[in-house]
Amino acid sequence: MFQGAAALNLDAKGRLAIPARHRDALAVESGQVVLTAHPHGCLLVYPVPAWVPIRDKVLAAPGLDPTSAMLKRLLVGFAQEEALDAAGRVLVAPSLRQFAKLDKQVWLVGQGSHFELWSDEGWQKQQEAMLALMNNGLPPGFESLAL
């Protein structure tokens, strides 16, 4: 279970040091992770075993449907398997860094089965949007949530 948000830095080569507490679970089995683009402008970071059924479901969608084709291009077209090095760093490919507008400071945000990787600016905008959403009331199904 990946949870929490951590401010991290990309090094000069575009590598991200995965926090030590998440390395074993994230790089389970093959020592690799999958990074891909998300429609909201961030990146997704998945353990390979968690990514495979998602990829297969996306690829099973009709190829001639324009929306399905766009999602395939985004999710599968940008997907990259990368190995964690001995220091627990993973390379974020230049194309993915460009897509998500990643600079030096980034945010790794746990989402249960995977992480989102946000630029600092993108994460700040998400926080503002979350606060604005909360001012409009909770979405359906969350009314009885006790915190």
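Just so you know, these numbers come straight off a predicted model, no measurement behind them. (Residues numbered from 1 in each chain as written. Predicted model: local features only at pLDDT ≥ 70, side-chain atom pairs only at ≥ 80, totals over all residues. Heavy atoms only, no water.)

Draft legend 1. Just the pattern of salt bridges, in detail. Under the definition given, this model contains 4 salt bridges. D11 is the partner of R15 in a salt bridge, and the nearest nitrogen-oxygen pair spans 2.6 Å. Judged by relative accessible area, which is 25%, D11 ranks as partly exposed. (Salt bridge = Lys/Arg side-chain N within 4 Å of Asp/Glu carboxyl O. Buried < 20%, exposed > 50% of the residue type's maximum accessible area, 1.4 Å probe, protein only.)

Draft legend 2. Just helix α2 (residues 48-60), in detail. Relative to the 18 Å expected for 13 residues at 1.5 Å per residue, α2 spans 18 Å between its end C-alpha atoms, a close match to the ideal helical length. When α2 is considered as a whole, its buried residues turn out to be V48, W51 and V58. Summarising the axial view, the buried residues of α2 lie within an arc of 80°, below the 170-degree limit, and thus occupy one face. Facing away from the buried side of α2, by more than 90 degrees, are the exposed residues K57 and A60. (Helix = DSSP H or I, 4+ residues; strand = E, 2+ residues; numbered from the N terminus. Expected span 1.5 Å × (residues − 1). Arc of directions from axis to C-beta.)

Draft legend 3. Geometry of unusual backbone geometry. Its identity as a non-glycine residue notwithstanding, E29 has a phi of 70°, on the positive side. Along the chain, the position of E29 falls in the loop between α1 (20-26) and β3 (32-37). On the basis of relative accessible area, E29 is assigned to the exposed category, the value being 75%. With phi around 55°, K101 is a residue other than glycine that occupies positive phi space. Structurally, the position occupied by K101 is in the loop between α4 (94-100) and β7 (105-110). Residue classification places K101 among the exposed residues on the basis of a relative accessible area of 66%.

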